[in-house]
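Residue-level structure breakdown
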Amino acid sequence: QVQLVESGGGLVQPGGSLRLSCAASGFTFSSYAMRWYRQAPGKERELVAAISSTGGSTSYAGSVKGRFTIGRDNAKNTVYLQMNSLKPEDTAVYYCNALRGVVMYWGQGTQVTVSS
């Protein structure tokens, strides 16, 4: 049974930090590229960050570049998203995504709210 379980979301003040984690099971994690998406109320889901299966390549949306860092630990089947200098516009549900070819898995999402 494939599972992607996100954790680490919550309420944080502007300028603060959060670290999201996504624990994977039920598939060969090290063979999949991993991505973080987010969806704010009334908006489409958008790609935030991506990392290759080996971790050797990363990419970011322009709105988060320089503030967010994606990483993975293939020994722990976990992908992370370190989020610094958070802004109110970062408020969204954050989803973990695994991709290999045409095969894709999604997590259930974790809420991040940036507000004073």
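Everything numeric here is computed off the predicted structure, so don't read it as measured data. (Residues numbered from 1 in each chain as written. Predicted model: local features only at pLDDT ≥ 70, side-chain atom pairs only at ≥ 80, totals over all residues. Heavy atoms only, no water.)

Focus on the sheet that holds strand β3 (residues 18–25)
Read across the open sheet, the 4 strands follow the order β1-β3-β8-β7; overall the sheet is antiparallel. Taken across any chain shown, the strands that pair with only one partner, and hence form the sheet edges, are β1 (3–7) and β7 (68–73). Geometrically, the sheet is characterised by an average inter-axis angle of 15° between neighbouring strands, direction not taken into account. In the sheet, β3 pairs with strand β8 (residues 78–83) via 6 bridges, with the strands oriented antiparallel. Following the sheet pairing, Leu-18 is matched in β8 by Met-83. (Pairing = 2+ DSSP bridges. Helix = DSSP H or I, 4+ residues; strand = E, 2+ residues; numbered from the N terminus. Axes fitted to C-alpha atoms, helices over the stretch in contact; angles between N-to-C directions.)

Points about the state of the cysteines
If you walk through the whole model with that rule in mind, you get 1 disulfide. One disulfide bridge connects Cys-22 with Cys-96, the sulfur atoms lying 2.1 Å from each other. The sign of the -80° torsion about the S-S bond sets the Cys-22-Cys-96 disulfide as left-handed. Placement of the pair is Cys-22 in strand β3 and Cys-96 in strand β9 (residues 92–100), with a sequence separation of 74 residues. Overall, the relative accessible area of 0% leaves Cys-96 in the buried class. (Disulfide = S-S within 2.5 Å. Buried < 20%, exposed > 50% of the residue type's maximum accessible area, 1.4 Å probe, protein only.)

Let's talk about the nonpolar core
Counting residues in hydrophobic clusters, the biggest one holds 29 residues, and the most contacted among them are Met-34, Trp-36, Val-79, Leu-81, Met-83 and Tyr-94. Those elements giving two or more residues to this core turn out to be β3, β4 (33–39), β5 (46–51), β7, β8, β9 and β11 (110–114). When sequence neighbours within four positions are dropped, the list of residues in contact with Leu-81 reads Leu-18, Arg-19, Leu-20, Trp-36, Val-48, Ala-49, Phe-68, Thr-69, Ile-70 and Tyr-94. (Core = buried A, V, L, I, M, F, W, Y, C linked by side-chain atoms within 4.5 Å. Contact = heavy atoms within 4.5 Å.)

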